[in-house]
Amino acid sequence: SLIVNVGSEQKERKQRIVMLTKSIDNKQDNVKRRAERIQRQREIAEAAANENKDADEKHMRVNFMLNKLWNAFIRKKMEKEMKESAHIDDAFKAIKTATGVTDVQELVHKFLTREQTYSELLVAVAESESRIDK
């Protein structure tokens, strides 16, 4: 019976060892799967970040191209308006040279009041002529 007891204890120990070995293998497998899952999550997060970065870059490229196009449009419009207003600028330069007036507001004021000034000059001439005739 001692031999039977020793045999049965050895059998239980072997079963226990097999169970512990399986448990260890399961734990190692779980650890390995967890590490793989964490790695996949990192890869997914990195891929998502790259996609977001790519989308941001694409959006920035589109904005850049739109700004470039808008800039070209505005530049052409400005050049056209400058060509159209060149004759006005040339006329103002000629007026400035002829009159010596450099202030636009002063020039506009003189232009708007020229008839009044002309009328005043005619009255002054008429008065001077009447004084001379007397």
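Bear in mind the structure is a predicted one, so any value in this text is a computation, not a measurement.

## A short note on the overall build of the protein chain
Thinking step 1. Along the backbone of the protein chain there are four helices and zero strands.
Thinking step 2. For the protein chain, the N- to C-terminal ordering of α and β elements is α-α-α-α.
Thinking step 3. For the protein chain, the C-alpha radius of gyration of 50 Å lies well beyond 14 Å, the compact-globule estimate for 134 residues.
Thinking step 4. Its C-alpha atoms give the protein chain principal-axis dimensions of roughly 170 × 25 × 20 Å.
Thinking step 5. Taken over 134 residues, the protein chain has a buried fraction of 1%.

## Comments concerning the pattern of salt bridges
Thinking step 1. For the coordinates displayed, the defined rule picks out three salt bridges.
Thinking step 2. One salt bridge in this structure joins Arg61 and Glu57, with 3.6 Å as the shortest N-O distance. With a gap of four residues between them, Arg61 and Glu57 both fall in helix 1 (residues 2-84), about one helical turn apart.
Thinking step 3. When its relative accessible area of 53% is taken as the criterion, Arg61 is described as exposed.
Thinking step 4. For Glu57, a relative accessible area of 33% gives the class partly exposed.

## With respect to the environment of Glu129
Thinking step 1. Counting through the fold element by element, Glu129 comes out in helix 4 (residues 114-133).
Thinking step 2. C-alpha separation for the pair Glu129 and Glu9, spaced 120 residues apart in sequence, amounts to 152 Å.

## Here we look at the confidence of the model for the protein chain
Thinking step 1. For the protein chain, the average pLDDT comes to 91, and 100% of its residues sit at 70 or higher.
Thinking step 2. Averaged pLDDT values over the elements of the protein chain bottom out at 82 in helix 3 (residues 104-112) and peak at 95 in helix 1.

Rules of the game
- Residues numbered from 1 in each chain as written.
- Predicted model: local features only at pLDDT ≥ 70, side-chain atom pairs only at ≥ 80, totals over all residues.
- Heavy atoms only, no water.
- Helix = DSSP H or I, 4+ residues; strand = E, 2+ residues; numbered from the N terminus.
- Rg over C-alpha atoms; globule rule 2.2 N^0.38 Å.
- Buried < 20%, exposed > 50% of the residue type's maximum accessible area, 1.4 Å probe, protein only.
- Salt bridge = Lys/Arg side-chain N within 4 Å of Asp/Glu carboxyl O.
- pLDDT = per-residue confidence, 0-100.

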